[in-house]
Amino acid sequence: MFFIEQMRRILFAIILSLTSILAFAEPDVKLRIGLQAGYNLSKWNGEFKDSLGTKFKNGGHAGVAFELMLNDKWSVQPALMVAIGGTKLDSMPIIGSKTLKDVKVNTIGIKLPVDVMYSIHNVGPGRLVPMLGLYVNGGIGGKTEGIGTFDKESIFYQQWDAKRKAYPDEECTKDWIPDNFDYGMSFKMMYEVLKDPVAGLYAQLGVSRGFTSYQNMEFSLSVGYRFQYVKALRSAYNIGILEYNP
């Protein structure tokens, strides 16, 4: 219930922000819908890196992106992605047991990034688009050593609980227990082809850094396709679904 409530608040905040942006946009705001998928490398930092040692782990992502074109230069892109990530740990000491080596931490999350885009036109047959934004990511699955990464029975929680019971007089922080809710900033660079026969095809490079306990760092490479303008907002440029009248 806590996770659902948090996601509800996040969605409300994003919708409120987009509504405020659109209120100041030009009257010819256009909406484009794109499908996107790609590969990412992720690694946890913070206490995990200092105490356990971390390395990059392979992952992936896929979903849908919505580009709200405020004018010919500026756009806002909210997206909804299923993201597979995590990290690799050099070792994981378990109280009363042997130390685990080369532990692979797997996570699955619902990621909601919102990026501000600036289009540089006439770069070859398309446009070059630097993007800066924020993201939130809610963990919904993934396993570590056969147990859910974010579960109360997880290896991280077990280690904290065992240490707390073994040393009752010492303060045991939860720095080794990953939050199932992550948020942070990202920077991306996208190139989209605007001429036929592959108009709408794009590639995107990105790097992001989280602000929660495990301070997730991620590098991503994505490819996608944006459809033409959709009549979702009142506009002189929109004459029908997937039709465009320049």
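Throughout, a residue's number is its position along its own chain's written sequence, starting from 1. Local features are withheld for residues below a pLDDT of 70 in this predicted model, meaning they are given only at 70 or higher, and side-chain atom pairs are given and counted only at 80 or more; totals for whole chains, interfaces and linings count all residues. Water and hydrogen atoms play no part in the side-chain values, which are based on all heavy atoms of the structure.

### As for unusual backbone geometry
- Residue Pro197 is reached from Asp196 by a cis peptide bond, and omega for that bond is 15 degrees.
- Structurally, Pro197 can be placed in the loop between strand E10 (181–193) and strand E11 (201–210).
- Of note in this structure, Asp102 is not a glycine but carries a positive phi near 50 degrees.
- Only DSSP runs of H or I covering at least 4 residues are called helices, and only runs of E covering at least 2 are called strands; the numbering of each starts at the N terminus. In this fold, Asp102 is placed in strand E5 (residues 100–118).
- By relative accessible area, which is 59% here, Asp102 ends up exposed.
- For Glu145, which is not glycine, the phi torsion reads 55 degrees and is therefore positive.
- Only protein chains enter the accessibility calculation, which uses a 1.4 Å probe; a residue whose area is less than 20% of its type maximum is buried, one above 50% is exposed, and one in between is partly exposed. Take Glu145: its relative accessible area is 46%, and that puts it in the partly exposed class.

### A look at the nonpolar core
- Core analysis: the largest hydrophobic core is formed by 10 residues, namely Trp44, Phe48, Leu52, Leu89, Met92, Val103, Val105, Ile155, Phe156 and Tyr214.
- Of all the secondary-structure elements, those providing two or more residues to this core are helix H2 (46–52), strand E4 (74–92), E5 and helix H3 (155–166).
- We call two residues contacting when some pair of their heavy atoms lies within 4.5 Å. Residues within four places of Trp44 in sequence aside, it is in contact with Lys49, Thr54, Gly86, Thr87, Val105, Thr107, Thr149, Phe156, Pro178, Tyr214, Gln215 and Asn216. Definition used in this section: a nonpolar core is a set of buried Ala, Val, Leu, Ile, Met, Phe, Trp, Tyr and Cys residues joined via side-chain atoms within 4.5 Å.

### Points about a nonpolar patch on the surface
- A cluster of nonpolar side chains, namely Phe56, Leu132, Leu134, Tyr183, Met185, Phe187, Met189, Val207, Phe211 and Phe219, defines an oily patch on the protein surface of about 890 Å² accessible area.
- Among the secondary structure elements, those contributing two or more residues to the nonpolar patch are strand E7 (126–141) and E10.
- A total of four residues in the nonpolar patch trace back to one element, the largest contributor, which is E10.
- Relative to the assigned elements, Met185 resides in strand E10.
- Classification of Met185 by relative accessible area gives partly exposed; the value is 38%. Nonpolar side chains (Val, Leu, Ile, Met, Phe, Trp, Tyr) are joined into patches within 5 Å and like charges within 9 Å, using only residues with over 30% relative accessible area and no salt bridge. Shrake-Rupley sampling with a 1.4 Å probe provides the accessible areas, and residues are treated as covered by the protein chains on show and by no other component. In what follows, salt bridge is the name for a side-chain nitrogen of Lys or Arg lying within 4 Å of a carboxyl oxygen of Asp or Glu.

### Structural notes on the pattern of salt bridges
- Taken as a whole and assessed by the stated rule, the structure comprises nine salt bridges.
- Where Asp90 meets Lys55, a salt bridge forms, and the shortest distance between an N and an O atom there is 3.7 Å. Note that Asp90 is positioned in strand E4 and Lys55 in strand E2 (residues 54–55), a separation of 35 residues in sequence.
- According to the relative accessible area criterion, Asp90 is partly exposed, its value standing at 31%.
- Between Glu67 and Arg226 there is a salt bridge, with its nearest N and O atoms 3.6 Å apart. Residue Glu67 is found in strand E3 (residues 57–69), and its partner Arg226 is found in strand E12 (residues 217–226); the two are separated by 159 residues along the sequence.

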